Amino acid sequence: MLEKNKIYLMDCFEFLNEINNETIDLAVIDPPYNLNKGKWDNFKSQNEFMNFTFKWIDRLIPKLKKTGSIYIFNTPFNSTYILQYLINKGLIFQNWITWDKRDGMSATKRRYNNSQETILFFTKTKEYVFNYNDIRLPYDSKERIRHAQKKGIIKNGKRWFPNPSGKLCTDIWHITSERHKNKINGRTPKMPHATPKPLEMIERIIKASSNKGDLVLDCFIGTGTTAFAAKKLERHYIGCDNNKKYVQIAENRLKNGKF
Ligand SMILES: C[S@@+](CC[C@H](N)C(=O)[O-])C[C@H]1O[C@@H](n2cnc3c(N)ncnc32)[C@H](O)[C@@H]1O
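All of these numbers come straight from a predicted model, not from anything done at the bench.

Definitions and limits used
Residues numbered from 1 in each chain as written. Predicted model: local features only at pLDDT ≥ 70, side-chain atom pairs only at ≥ 80, totals over all residues. Heavy atoms only, no water. Salt bridge = Lys/Arg side-chain N within 4 Å of Asp/Glu carboxyl O. Helix = DSSP H or I, 4+ residues; strand = E, 2+ residues; numbered from the N terminus. Pairing = 2+ DSSP bridges. Axes fitted to C-alpha atoms, helices over the stretch in contact; angles between N-to-C directions. Contact = heavy atoms within 4.5 Å. Domains from an automatic or database assignment. Buried area = accessible area lost by both parts, 1.4 Å probe. Near = heavy atom within 4 Å. Polar contact = N/O pair within 3.5 Å; in protein donor to acceptor, adjacent residues only side chain to side chain. Areas by Shrake-Rupley, 256 points an atom, 1.4 Å probe, with all protein chains shown as cover. Nonpolar A, V, L, I, M, F, W, Y, C, P; charged D, E, K, R; others polar. Core = buried A, V, L, I, M, F, W, Y, C linked by side-chain atoms within 4.5 Å. Buried < 20%, exposed > 50% of the residue type's maximum accessible area, 1.4 Å probe, protein only. Disulfide = S-S within 2.5 Å. Parallel < 35°, antiparallel > 145°, perpendicular 65-115°, else oblique. Left-handed = near helix turned anticlockwise from the far one by under 90°. Expected span 1.5 Å × (residues − 1). Arc of directions from axis to C-beta.

Trainee: Can you help me understand the pattern of salt bridges in this one?
Mentor: Side chains bearing opposite charge may pair, as long as their charged atoms lie close to each other. Taken as a whole and judged by the stated rule, the model has 15 salt bridges. In this structure, Glu117 engages Lys197 in a salt bridge whose closest nitrogen and oxygen atoms are separated by 3.5 Å. With Glu117 in strand β5 (residues 116–123) and Lys197 in the loop between α5 (178–181) and α6 (199–209), this residue pair connects regions lying 80 residues apart in the sequence. Connected via shared salt-bridge partners are Asp30, Lys101, Glu117 and Lys197.

Trainee: Just checking my understanding: could you explain the sheet that holds strand β2 (residues 24–29) for this structure?
Mentor: Whenever strands of a sheet pair, they do so through backbone hydrogen bonds, lying parallel or antiparallel. Here we have 8 strands laid out as an open sheet, ordered β1-β10-β9-β2-β3-β5-β4-β8, and mixed in their pairing. Only two strands of the sheet have a single partner each, and these edge strands are β1 (6–9) and β8 (172–174). Each adjacent strand pair in this sheet contributes to an overall mean axis angle of 20°, direction not counted. Packing of helix α3 (residues 76–88) onto the sheet brings it into contact with β3 (64–74), β4 (92–100) and β5, and relative to β5 it is tilted by some 10°.

Trainee: Could you clarify how one ought to interpret the domain arrangement of the protein chain in this entry?
Mentor: Interfaces are frequently sized by the accessible area removed from exposure as the parts join. Domain boundaries in the protein chain define domain 1 (6–129 + 171–256) and domain 2 (130–167). A straight line from the C-alpha centre of domain 1 to that of domain 2 covers 32 Å. Contact residues are listed per partner, giving 10 residues for domain 1 and 5 residues for domain 2. Taken over both partners, the interface formed by domain 1 and domain 2 buries close to 600 Å², and the fraction arising from carbon and sulfur atoms is 59%. When the area that domain 1 buries against domain 2 is broken down by residue, the three leading residues are Arg204, Lys207 and Ala208, summing to 64%.

Trainee: Explain the site of the ligand here, please?
Mentor: Around the ligand, the structure places 22 residues, and the nearest of them are Asp30, His193, Thr223, Thr225 and Asp241. One of the side-chain N or O atoms of Asp30 is found 2.7 Å from a nitrogen atom in the ligand. Residue Asn242 places a main-chain N or O atom 3.2 Å away from a nitrogen atom belonging to the ligand. Against a free-state accessible area of 620 Å², the protein chains account for coverage of 97% of the ligand. Across the shell around the ligand, the residue classes tally to 11 nonpolar, 7 polar and 4 charged.

Trainee: Mind showing me how you'd approach the nonpolar core here?
Mentor: One broad rule of soluble globular proteins: the nonpolar side chains tend to lie buried together. Counting 36 residues, the largest nonpolar core has Phe15, Ile29, Trp56, Ile70, Leu217, Cys219 and Ile238 as its most contacted members. At the level of secondary structure, the elements contributing two or more residues to this core comprise α1 (12–17), β2, α2 (46–60), β3, α3, β5, β9 (215–218) and β10 (236–241). Top element by residues in this core is α2. It accounts for 7 residues. Listed in part, the 30 residues of the second largest apolar core include Leu26, Ala229, Ala250 and Leu254.

Trainee: Explanation requested: the state of the cysteines in the structure shown.
Mentor: Cysteine pairs can be covalently joined through their sulfur atoms, and such a bond is termed a disulfide. This structure, assessed with the given rule, holds 0 disulfides. Of all cysteine sulfurs, the one in Cys12 lies closest to Cys219, which takes part in no disulfide; the gap is 5.4 Å.

Trainee: Quick question: what am I supposed to make of the packing of α2 against α3 here?
Mentor: To characterise two packed helices, one gives the angle between the axes of the helices and the distance between these axes. With their axes 11 Å apart at the nearest point, α2 and α3 run at an angle of 40° to one another. When the axes of α2 and α3 are compared, the pair comes out oblique. For the element pair α2 and α3, the recorded crossing hand is right-handed. Contacts between α2 and α3 involve Gln46, Phe49, Met50, Thr53, Phe54, Ile57 and Asp58 on the former and, on the latter, Phe77, Asn78, Tyr81, Ile82, Tyr85 and Leu86. Looking at side-chain class alone, the contact of α2 with α3 contains 9 nonpolar, 3 polar and 1 charged residues.

Trainee: I'm lost on the pairing of β5 in this one. Help?
Mentor: Two faces, one strand: in a regular strand the side chains alternate between the faces of the sheet. In terms of burial, β5 is a largely internal element, 7 of the 8 residues being buried. Pairing between β3 and β5: 6 bridges, direction antiparallel. Counterpart to Tyr71 in the pairing with β5 is Phe121.

Trainee: Help me understand the side chain of His193 in this model?
Mentor: Mapped onto the fold, His193 is located in the loop between α5 and α6. Judged by its relative accessible area of 9%, His193 is buried. Engagement of the side chain of His193 in a polar contact is seen with the backbone nitrogen of Thr195, the distance being 3.0 Å. Leaving out residues up to four positions away in the same chain, His193 has contacts with Trp40, Gly222, Thr223 and Tyr246.

Trainee: Got a minute to help me understand α3 in this structure?
Mentor: Since the α-helix advances by 3.6 residues per turn, residues separated by three or four positions end up pointing in the same direction. Spanning 13 residues, α3 covers 19 Å between terminal C-alpha atoms, matching the ideal 18 Å at 1.5 Å per step. Looking only at α3, the buried set comprises Asn78, Ser79, Ile82, Leu83, Tyr85 and Leu86. Angularly, the buried residues of α3 cover 165° about the axis, an arc narrow enough to put them on a single face. Away from its buried face by more than 90 degrees, α3 exposes Phe77 and Asn88. Tucked into the core, α3 has its buried residues touching α2, β3, β4 and β5. Once α3 ends, the next one or two residues include Gly90, with phi positive near 90°.

Structure follows, in structure tokens:
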């Protein structure tokens, strides 16, 4: 078994071979999408891409504990295939999360502009961690909530009072992409990576689906967002990327707190 709290310069298949079975509490996987965002995201055909995707999924599933969870990012189109594959492998579907990126993924004028990504949330069995109280969000209707806090609202014959920590988190996540967040006068500055995920999004996943001291795995770690969030939230992490530059960026981020 590889040592935890480290990021390895390794191919994902080689890396996953070195992880003991049933040792991972949570896998946060942001893999290639076959959108040509870099050399690493370029496949000869959709078929080749799906074969690659199914191959790493096959290697990863045995590494999850029986109580483990897995989150997989991708386009909605690719996610339809991934979802079916995971169901056939016997994993338990929990959510199809739509990430509203507040940003366009393309500039097409031939159809609606894609502005969402999918995050599939599956668990290995029906016994799993879900800390719903740790990911509550502010209520939308401030006025109604202010009123309800004083007197409550009658719901299904019972008096309901809002939770002081906010509402339950839904499966639509409105989180601005890193690219969009960092725009200066409408222009995107050069980022260290084409597709870094927003830290608050990865933190939400880790808070919900793991406990302090648990082990979080990411086999496509890029700028190290998963490792950084795991460390911040007092979880252990283990990850890899096959690009030396990204491993260095991730290691620096873990040391200095920024890219
Ligand atoms: C979508 S990015 C991950 C971005 C990351 N979530 C972040 O927040 O920075 C996917 C990463 O997978 C890496 N990658 C692609 N193919 C790989 C492989 N076969 N083994 C390991 N890493 C790979 C790429 O170098 C890239 O950094």
